[in-house]
Amino acid sequence: MEFEKRILCIGAGYVGGPTMAVIADKCPQYRVELVDINEERIRRWNSEDLPIYEPGLDEIVRRARGRNLFFTTEVATAIEHSDIIFVSVNTPTKAFGQGAGQAADLQYWEKTAYQILKHSHSDKIVVEKSTLPVRTAEAMQRILHSRGTSPRFDVLSNPEFLAEGTAVENLLQPDRVLVGCMNTESGHKACDQLEAIYANWVDRSRIIRTNIWSAELSKLVANAFLAQRISAINSISALCEKTEADVDEVAHSIGLDSRIGKKFLKAGIGFGGSCFKKDILNLVYICRQHGLDEVADFWERVVEINEYQQSRFVANMISEMFNTIAGKSILVLGFAFKADTGDTRESPAAQVCRRLLEEHAQLRLCDPKALENARKELIGVQGVSFHEDPYEAAENVHAVALLTDWQCYRELDYAKVFDRMEKPAFLFDGRNLLDHRRLFEIGFNVYPVGKSPLRQL
Ligand code: UDX
Ligand code: UDX
C-alpha cells in the first residue's frame, strides 16, 4: 500500500511510544515508525509484553502494529525513508561538568541531530517532542544546515503534555496541541503539515500555533506551574498538621473558586516522575544563565518543598513509632511515582523507602505494576523484599506506609491486614487515599498527611 506520509519517531519511550501508537491508530493513511537504540525495548514493542504499562495502549498497538505502525533499531534506513521526524529521546538532568544537577543533558539530542543530517537525502520536517531548554531549536537548525541548505530541514516544536497513566486518554482528547515554528514561509508550511496530522482526530480549535520559543518555553512552564501547585498545597499541609485544619477540606474550599480550580491540589508525599523535577531545575538553570537569580530562587523553592515533604513524612513515622524503626518491618504499599503506571523514575515512594532503609527498617514492598522496576532500582540493597500479595506481606509488620495512590489499595481488607500485624499497629497514609475513621475503628493508629492523626489510647 502507498502511504500518504512517512512519519518517524526517534526514541520509543513513555512519550514516543504512546504518541506514535495513537497517530498510527487514528491515521491509517500514514506509515508510522519508531526507532530506538535500545534493542530490548524494541523487541518488547514487537511482542505481547510491551515495555511500558499504559491503560488502553496494548489494544491500540495490537490494532496498528504491522499495518502502519512499525518498531525498529535501524535508524539510518528509517531516517532516509521518512518525511517527518519526531525526536523524543531523553533529556535527563546533566550529571557532570557545567550545570551538573540542573541543566538538561543534551548529548542524545545533539547526537540525534547529527544522525538526521547524516542519513537525510531529501527535505525533512524535524519535530521536537522532548522537553528542551528554550532556544534548542536554534542549535538544531544550525546543526542540520551545517552542510548547506539542501536537503532542507524545518524544525518545529510540538511539546507533549500527556501524563502517565492517562497517556492514551490525553492523546485522544488533548486540552490543546501546541505547535511552534520559525516565522518563515517554510516554517509555516511545515506547521500546516504537522497540524494536518493532528486534525485527523483533534478539533482545529484546540490546535494552537505560536512562535517556536514560546512553544519550547510553554512546556517547561506548564510542568513548573503544575509542580508548584503541589508544593503549595503540601506546604499548607504542614500548617494543617499544627492547627487541626484538614488539608483536603482546605483544598476543596479553595478549589471551588474557579480562578484557582480544583485540580492538582492533592497533598501527599510530593510529586515524582521523570519530568517535574528535571524541568523545574532546567528552568532554574536557564533563569540563572540570564542573570535572573530572584526568578530562579522562586522556582527552586518548589523542589525544596517537595523534598521537605518527604523528610517530614519519614520524621513523623520515626517519632510516632517511639523514635526507632531499626529492625522493624514495614509494609510498603506502592512504589510507582503515581497510580496506573509501572514507572518509578523520581518516585517519592522510592525516596521515602531509601530514608526508611537508612534507619535500618525492613521493607516489604508491594505494587501492582512497578515491582519489576522496583527490583531493578533496589538491586543489591539490603533490607527489602518484594511481594505480590499484600496480605502475605503484612505478616508481623509493625506499620503500613501507603506511598502510591493505587485504587486497589483503597479496596484492601484492612481488618485482615490488621489481624496479621504486630500491635500497636501503625498506618501512614502518604496519599490521603484511605478511609481514616474506618481504619481507626479497626484498631490502627492512623497518620494522614495534613490532618490530625487518629491515635489509639
Ligand atoms: C523523553 C524525555 O525524557 C523527556 O524530556 C521528554 O519530555 C520526552 O521524551 P520519555 O519518553 O519518558 O521522555 O523518556 P524515555 O522513556 O527514557 O525514552 C527515551 C527513549 O529514547 C529511550 O527508549 C532511549 O533508548 C531512546 N534513545 C535515547 C534513543 O533511541 N537514542 C538516543 O540517542 C538516546
Ligand atoms: C506530568 C504532567 O502532568 C504532564 O502534562 C507532562 O507531560 C509530564 O509531566 P506525569 O509526571 O506523568 O505528568 O504525572 P502527573 O499526573 O502530573 O503527576 C506527577 C506527580 O505529582 C505524581 O507523583 C503525582 O502523584 C503527583 N501529584 C499530582 C500530587 O502529589 N498531587 C496532585 O494533586 C497531582
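Residues numbered from 1 in each chain as written. Chains lettered and ligands numbered in written order. Predicted model: local features only at pLDDT ≥ 70, side-chain atom pairs only at ≥ 80, totals over all residues.

Interfaces are often sized by the amount of accessible area the parts lose when they come together. Per the domain assignment, the segments making up the protein chain are domain 1 (5–202) and domain 2 (214–457). Inter-centroid distance (C-alpha atoms) of domain 1 to domain 2 is 32 Å. Taken together, the 24 residues of domain 1 in the interface contact 24 residues of domain 2. Element by element, the count of residues in the side of domain 1 that touches domain 2 is highest for strand S7 (residues 177–181), at 3 residues. (Domains from an automatic or database assignment. Contact = placed C-beta atoms within 7 Å. Helix = DSSP H or I, 4+ residues; strand = E, 2+ residues; numbered from the N terminus.)

Close to ligand 1 lie 21 residues, the nearest being Gly11, Gly13, Tyr14, Val15 and Thr131. At 3 residues, helix H5 (residues 107–119) tops the list of elements feeding residues into the shell around ligand 1. (Near = placed C-beta within 6 Å.)

Moving on, we come to the sheet that holds strand S1 (residues 5–10). Through backbone hydrogen bonds, the strands of a sheet pair up, either in parallel or in antiparallel fashion. The mixed open sheet is built from 8 strands, whose spatial order is S3-S2-S1-S4-S5-S6-S7-S8. The open sheet is flanked by strand S3 (69–72) and strand S8 (207–211), the only strands paired with a single partner. Within the sheet, the average angular offset between the axes of one strand and its neighbour, ignoring direction, is 25°. Direction of pairing for S7 relative to S8: parallel, over a ladder of 5 bridges. Bridge assignment links Val179 to a residue of S8, and that residue is Arg209. (Pairing = 2+ DSSP bridges. Axes fitted to C-alpha atoms, helices over the stretch in contact; angles between N-to-C directions.)

As a further point, take the site of ligand 2. Neighbouring residues of ligand 2: 19 residues in total, closest Ala163, Glu164, Lys266, Phe271 and Gly273. For the shell around ligand 2, the element with the most residues is helix H9 (residues 212–243), which contributes 3 residues. Its residues assigned to classes, the shell around ligand 2 comprises 11 nonpolar, 4 polar and 4 charged. Each of domain 1 (5–202) and domain 2 (214–457) gives at least three residues to the shell around ligand 2. (Nonpolar A, V, L, I, M, F, W, Y, C, P; charged D, E, K, R; others polar.)

Attention now moves to the environment of Ile85. Assignment of secondary structure puts Ile85 in strand S4 (residues 84–87). Look at Ile85 and you get buried, because 24 C-beta atoms sit within 10 Å. The spatial distance from the C-alpha of Ile85 to the C-alpha of Ile125 is 6.2 Å, given a sequence separation of 40 residues. In this structure, Ile85 is in contact with Leu8, Ile10, Ile79, Ile116, Lys124, Val126 and Val127, ignoring residues within four places of it in sequence. (Buried ≥ 20, exposed ≤ 12 C-beta atoms within 10 Å, placed from the backbone.)

Once that is clear, we can look at unusual backbone geometry. Ser150 connects to Pro151 through a cis peptide bond whose omega is -5°. Along the chain, Pro151 falls in the loop between helix H6 (136–144) and strand S6 (153–157).

Among the nonpolar cores identified, the biggest contains 75 residues, and Ile280, Val332, Ala399, Ala401 and Leu427 are the most heavily contacted of them. Beyond its immediate sequence surroundings of up to four residues, Ala401 is in contact with Met317, Ile330, Val332, Val352, Phe428 and Gly430. Among the nonpolar cores identified, the runner-up in size contains 58 residues, and Ile7, Ile60, Phe71 and Ile197 belong to it. (Core = buried A, V, L, I, M, F, W, Y, C linked by C-beta atoms within 7 Å.)

Take helix H8 (residues 185–198) next. Taking 1.5 Å of rise per residue, 14 residues should cover 20 Å, and H8 covers 21 Å from first to last C-alpha, within 8% of that figure. When H8 is considered as a whole, its buried residues turn out to be Ala190, Cys191, Leu194, Ile197 and Tyr198. Projected onto a plane normal to the axis of H8, the buried residues spread over an arc of 110° and lie on a single side. Along H8, exposed side chains directed more than 90 degrees from the buried face belong to Glu185, Lys189 and Asp192. Against helix H1 (16–26), strand S5 (124–128), S6, S7 and S8 lie the buried residues of H8. (Expected span 1.5 Å × (residues − 1). Arc of directions from axis to C-beta.)

To continue, consider the environment of Gly261. Mapping Gly261 onto the fold places it in the loop between helix H10 (247–255) and helix H11 (276–289). Overall, Gly261 belongs to the exposed group, with 12 C-beta atoms counted inside 10 Å. The sequence separation of Gly261 and Glu39 amounts to 222 residues, and the corresponding C-alpha distance is 44 Å.

What follows covers the packing of H9 against helix H12 (residues 293–320). At a minimum axis distance of 9 Å, the contact between H9 and H12 shows a crossing angle of 45°. Classified by the angle between their axes, H9 and H12 sit oblique to one another. Between H9 and H12 lies a crossing of left-handed hand. Residues Ala224, Ala227, Gln228, Ser231, Asn234, Ser235 and Ala238 of H9 pack against Trp299, Val302, Ile305, Asn306, Gln309 and Arg312 of H12. For the contact of H9 with H12, a count of residues per class yields 6 nonpolar, 6 polar and 1 charged. (Parallel < 35°, antiparallel > 145°, perpendicular 65-115°, else oblique. Left-handed = near helix turned anticlockwise from the far one by under 90°.)

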